[in-house]
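Below are the chains, spelled out letter by letter.
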Amino acid sequence: MTALALIALLAIALLFGGMVFFAALVAPLVFRVLPGEPGSRLIRAIFPRYYLWVAACAGAAAVALFPLSKPDAGVMAVVAGLAIWLRQALLPRINLLSDRAGGGDAEARRGFARLHRLSAAANLLQMIAAAAVLAGFVL
């Protein structure tokens, strides 16, 4: 295996592992251990860093994969770009709607639920994409 392949493999493994760790362990544990508002504040503090992690790992994988597999590099570039969009565009809107919903705004509550579902679906797609590229290394 070449150095670039090893870098790509490491980056994708860190990406996928970090995403699964957050989704399966961190987020559920935060809401199980901390009551509503403190749990929400902690998750709100984690998410911008989480998306940076996803973007950095996927971006590193895309760069390392480019000379090896343009399709896989493209998938990782899309994952990185989506993470940046989630962090910079969608997350602030979700936070704003969450704040308004906490103040009793029913329309904001519906908007929050819709955008939260969109972010969860985007994260799932990113995980599937990372798993598919990672499987290409293993299989």
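Scroll up for the structure.
Attention here is on the structure that accompanies the text. Everything numeric here is computed off the predicted structure, so don't read it as measured data. (Residues numbered from 1 in each chain as written. Predicted model: local features only at pLDDT ≥ 70, side-chain atom pairs only at ≥ 80, totals over all residues. Heavy atoms only, no water.)

**Details of the nonpolar core**
- Of all hydrophobic cores here, the largest spans 40 residues; its most connected members are Leu15, Leu65 and Met76.
- Listing elements by their share of this core, those giving two or more residues are α1 (3-33), α2 (36-65), α3 (70-102) and α4 (106-138).
- Broken down by element, this core gets its largest block of residues, 12 residues, from α2. (Core = buried A, V, L, I, M, F, W, Y, C linked by side-chain atoms within 4.5 Å. Buried < 20%, exposed > 50% of the residue type's maximum accessible area, 1.4 Å probe, protein only. Helix = DSSP H or I, 4+ residues; strand = E, 2+ residues; numbered from the N terminus.)

**Section: the environment of methionine 1**
- Looking at the secondary structure, you find methionine 1 in the segment before α1.
- A relative accessible area of 65% means that methionine 1 is categorised as exposed.
- It is 31 Å that separates the C-alpha atoms of methionine 1 and alanine 23, two residues lying 22 residues apart in sequence.
- If we ignore the near neighbours within four places in the chain, the residues touching methionine 1 are Leu6, Leu9 and Phe137. (Contact = heavy atoms within 4.5 Å.)

**Observations concerning the packing of α2 against α3**
- At a closest axis distance of 7 Å, the pairing of α2 and α3 adopts a crossing angle of 165 degrees. In terms of orientation, α2 lies roughly antiparallel with respect to α3. In this structure, the crossing between α2 and α3 has a hand that is left-handed.
- Residue composition of the contact of α2 with α3, by class: 19 nonpolar, 3 polar and 5 charged. (Axes fitted to C-alpha atoms, helices over the stretch in contact; angles between N-to-C directions. Parallel < 35°, antiparallel > 145°, perpendicular 65-115°, else oblique. Left-handed = near helix turned anticlockwise from the far one by under 90°. Nonpolar A, V, L, I, M, F, W, Y, C, P; charged D, E, K, R; others polar.)

**A short note on the pattern of salt bridges**
- Under the defined criterion, the tally for this structure stands at 2 salt bridges.
- A salt bridge links arginine 44 to aspartate 99; the shortest N-O distance between them is 2.9 Å. You can see arginine 44 sitting in helix α2 and its partner aspartate 99 sitting in helix α3, a full 55 residues away along the chain.
- Its salt-bridge partner being glutamate 107, residue arginine 110 comes within 2.7 Å of it at the nearest N-O pair. With arginine 110 and glutamate 107 both in helix α4, this residue pair falls 3 residues apart, about one helical turn. Across the pair, exposure class does not vary: arginine 110 and glutamate 107 are exposed alike. (Salt bridge = Lys/Arg side-chain N within 4 Å of Asp/Glu carboxyl O.)

**Regarding the side chain of asparagine 123**
- Relative to the elements of secondary structure, asparagine 123 occurs in helix α4.
- Within polar-contact distance, the side chain of asparagine 123 engages the side chain of tyrosine 50 at 2.7 Å.
- In contact with asparagine 123, not counting residues within four places along its chain, are Met19, Tyr50, Tyr51 and Leu86. (Polar contact = N/O pair within 3.5 Å; in protein donor to acceptor, adjacent residues only side chain to side chain.)

**Some thoughts on a nonpolar patch on the surface**
- Taken together, Leu29, Val33, Leu34 and Leu42 make up a surface patch of nonpolar side chains, about 330 Å² in accessible area.
- When its relative accessible area of 35% is taken as the criterion, leucine 42 is described as partly exposed. (Patch = residues over 30% accessible without salt bridge, like charges linked within 9 Å, V, L, I, M, F, W, Y side chains within 5 Å. Areas by Shrake-Rupley, 256 points an atom, 1.4 Å probe, with all protein chains shown as cover.)

**Topic: the packing of aromatic side chains**
- One pass over the full model with this rule turns up 5 aromatic pairs.
- On the numbers, 5.1 Å between centres and 70 degrees between planes, the contact of phenylalanine 22 with phenylalanine 47 is edge-to-face. Linking phenylalanine 22 in helix α1 with phenylalanine 47 in helix α2, this pair joins segments that are 25 residues apart in sequence. Phenylalanine 47 carries the same exposure label as phenylalanine 22, and that label is buried.
- In textbook terms, an aromatic cluster arises when at least three aromatic residues are bridged by ring pairs, as seen for Phe22, Phe47, Tyr50 and Tyr51. (Phe/Tyr/Trp six-rings, centres within 6.5 Å; stacked < 30°, edge-to-face > 60°.)

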